[in-house]
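# Examination of the molecular architecture
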Amino acid sequence: MSVSAAPVAILGTGSFVPDRVVSNTEAGAHAGVDDAWIVRKTAIRERRWARPGQATSDLATGAARNALRSAGITADQLSTIVVATSTPDHKQPATAVFVHQNLGGATTGVAAFDVNAVCAGFSFALDVAHGMIAKSGGYGLVIGADLYSQILDPADRKTVILFGDGAGAAVIGPAGPGRGIRRSVFHMYSDMSDLVVVPAGGSRQPYAPAVHEAGLQYFSMEGRTVRDFIVNTVPGLVKEFLHECEVLPADITHLVPHQANGRMLEELWSRLDLPGATLHRTVGEFGNVGAASVPLTLDQAARAGALRPGDRVLLLGMGGGFSVSLALIDW
């Protein structure tokens, strides 16, 4: 949970997706499912997949440039760059290093690093950057970016139809009156760490011919178990968090959640007691874009003019590990 010495606010947002639009017919072809089945199960109509040669840092850089433009600052004013991703360009160095390089890379004294809380990662990254900016001043760039299309099994209908590629970003800095990132909280259920995994490629199970033969390089997920956990557990966490913030559920103006699955969002929304809030959704157009889901959806809402000064925005992340993140923002 963040406790700041100086108020810090989101000053601008940005997002970026590849230009390749992938229909349900294309995404489901090798998995044996059609458009009607995918829409019925997920409410997803299409998603974006990267073209050959595009990497996570390319998407992250596009979102970063748009966020900087929105905030009215330049890259050389940044003191912190944090990228939330579970699909980095390389095992090392951090993807944030390439974003810094792409933005000009001339500024010294910049902290650039990654965090990984899978699809909940943006709020983790936001909290870390928030603490750094509150303590030392300056401006921070927080990015959620993932490129899942390269780690999907084309024959696995549980995953290949859900995921897209994309990035979302926010610039944070000194807050004006009544604005600020008020509070963040995180929950980790490590006994569920086997529900969302990419088994191979790390030190536990390095790449080898047998790994590829077994398909262990692909992302896998126990979707039904994850869905049941989310709809049964998250409403209580939201209620507890708002109580800690001394905010009534009716005072929340916007809910910006992770876009895991459109049907799951509908079920979760029906169980949340947020009578004055608007639920923001981008899952139908972009699918599940991992750590990019929350910031991309936040940017879409901001650019549509839906977020107004004084609004209370609740960010909700849910990702492998299993992790849940909540952040309350006075817009």
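Residues numbered from 1 in each chain as written. Predicted model: local features only at pLDDT ≥ 70, side-chain atom pairs only at ≥ 80, totals over all residues. Heavy atoms only, no water.

### Some points on the overall build of the protein chain
Secondary structure assignment for the protein chain yields ten helices and 14 strands. Relative to the globule expectation of 20 Å for 331 residues, the C-alpha radius of gyration of the protein chain, 19 Å, shows essentially globular dimensions. Its C-alpha atoms give the protein chain principal-axis dimensions of roughly 55 × 50 × 35 Å. By the burial criterion, 53% of the 331 residues in the protein chain qualify as buried. Counting contacts in the protein chain only where the partners sit at least 6 residues apart, residues at least 24 apart contribute 77% of the total. When the accessible surface of the protein chain is totalled, it reaches about 13700 Å², and 50% of it is carbon and sulfur. Side chains of the protein chain carry 26 positive and 30 negative charges; the gap between the two charge centres is 3 Å. (Helix = DSSP H or I, 4+ residues; strand = E, 2+ residues; numbered from the N terminus. Rg over C-alpha atoms; globule rule 2.2 N^0.38 Å. Buried < 20%, exposed > 50% of the residue type's maximum accessible area, 1.4 Å probe, protein only. Contact = heavy atoms within 4.5 Å. Areas by Shrake-Rupley, 256 points an atom, 1.4 Å probe, with all protein chains shown as cover. Lys, Arg positive; Asp, Glu negative; His and termini not counted. Charge placed at Lys NZ, Arg CZ, Asp CG, Glu CD.)

### A word on the pattern of salt bridges
Counted according to the given criterion, the structure contains eleven salt bridges. Linking E266 and R281 is a salt bridge whose minimum nitrogen-to-oxygen distance equals 3.8 Å. Taken together, the residues span a long stretch of sequence, with E266 in helix α8 (residues 262–271) and R281 in the loop between β12 (278–279) and α9 (283–286) at a distance of 15 residues. The class for E266 is partly exposed, based on a relative accessible area of 36%. Taking the relative accessible area as the measure of exposure, R281 reaches 35% and is therefore partly exposed. Here R312 makes a salt bridge to D330, at a shortest N to O gap of 3.6 Å. Here R312, found in strand β13 (residues 312–319), pairs with D330, found in strand β14 (residues 323–330); they are 18 residues apart in sequence, far enough to count as distant. Under the relative-accessibility criterion, D330 is labelled buried at 16%. Linked through salt bridges whose partners overlap, the residues forming this network are R182, R312 and D330. (Salt bridge = Lys/Arg side-chain N within 4 Å of Asp/Glu carboxyl O.)

### Observations regarding the sheet that holds strand β8 (residues 180–188)
Spatial ordering of the open sheet is given by β8-β14-β13-β11-β12, a layout of five strands whose pairing is mixed. Strand pairing shows two members of the sheet lacking a second neighbour, β8 and β12, which therefore form its edges. Sheet topology note: the β13/β14 ladder contains eight bridges and is antiparallel. Looking at β14, one finds that V313 is bridged to I329. (Pairing = 2+ DSSP bridges.)

### Comments concerning the sheet that holds strand β1 (residues 8–16)
Strand order in this open sheet of five strands is β1-β7-β6-β4-β5, and the pairing throughout is mixed. Looking along the sheet, the strands with just one partner apiece sit at the ends: β1 and β5 (111–115). With direction set aside, neighbouring strand axes in the sheet form an average angle of 20°. Looking at chain direction, strand β4 (residues 78–84) and strand β6 (residues 139–147) are connected through six bridges and run parallel. Within β6, the residue paired with L78 across the bridge is Y139. Running at roughly 160° to β4, helix α5 (residues 121–136) makes contact with β1, β4, β5, β6 and β7 (165–174) of the sheet. (Axes fitted to C-alpha atoms, helices over the stretch in contact; angles between N-to-C directions.)

### Observations regarding the packing of aromatic side chains
For the structure on display, the rule yields six aromatic pairs. Between F163 and F219, the ring centres sit 4.8 Å apart and the planes meet at 70°, which makes this aromatic pair edge-to-face. Taken as a pair, F163 in the loop between β6 and β7 and F219 in the loop between α6 (209–214) and β10 (220–221) lie far apart in primary sequence, 56 residues in all. Site record: aromatic cluster; members linked through ring pairs are Y148, F163 and F219. (Phe/Tyr/Trp six-rings, centres within 6.5 Å; stacked < 30°, edge-to-face > 60°.)

### Describing the packing of helix α3 (residues 56–71) against helix α4 (residues 95–102)
The contact between α3 and α4 brings their axes to 9 Å, and the two run at 50°. One finds that α3 runs oblique with respect to α4. The two elements α3 and α4 meet at a crossing, and its hand is right-handed. Residues T56, S57, D58, A60, T61, A64 and R65 of α3 touch α4, and the partners they reach there are T95, F98, V99 and N102. Each residue belonging to the contact of α3 with α4 can be placed in one class, and the counts come to four nonpolar, five polar and two charged. (Parallel < 35°, antiparallel > 145°, perpendicular 65-115°, else oblique. Left-handed = near helix turned anticlockwise from the far one by under 90°. Nonpolar A, V, L, I, M, F, W, Y, C, P; charged D, E, K, R; others polar.)

### As for the pairing of β13
Counting buried residues along β13, seven of its eight residues qualify, which places the element largely inside the surrounding structure. Summarising the sheet, strand β11 (residues 254–257) and β13 pair through four bridges and their orientation is parallel. Residue V256 lies in a different strand from β13, and its bridge partner there is L315. Counting the residues between successive antiparallel strands, the hairpin from β13 to β14 contains three residues, one of them, G321, with a positive phi of roughly 135°.

### Some words on the environment of K158
Within the secondary structure, K158 sits in the loop between β6 and β7. Counting along the chain gives 66 residues from K158 to R224, while the straight-line C-alpha distance between them is 9.5 Å. Setting aside residues up to four positions removed in sequence, K158 forms contacts with M221 and E222.

All quantities given are derived from atomic positions and should not be read as evidence of function.
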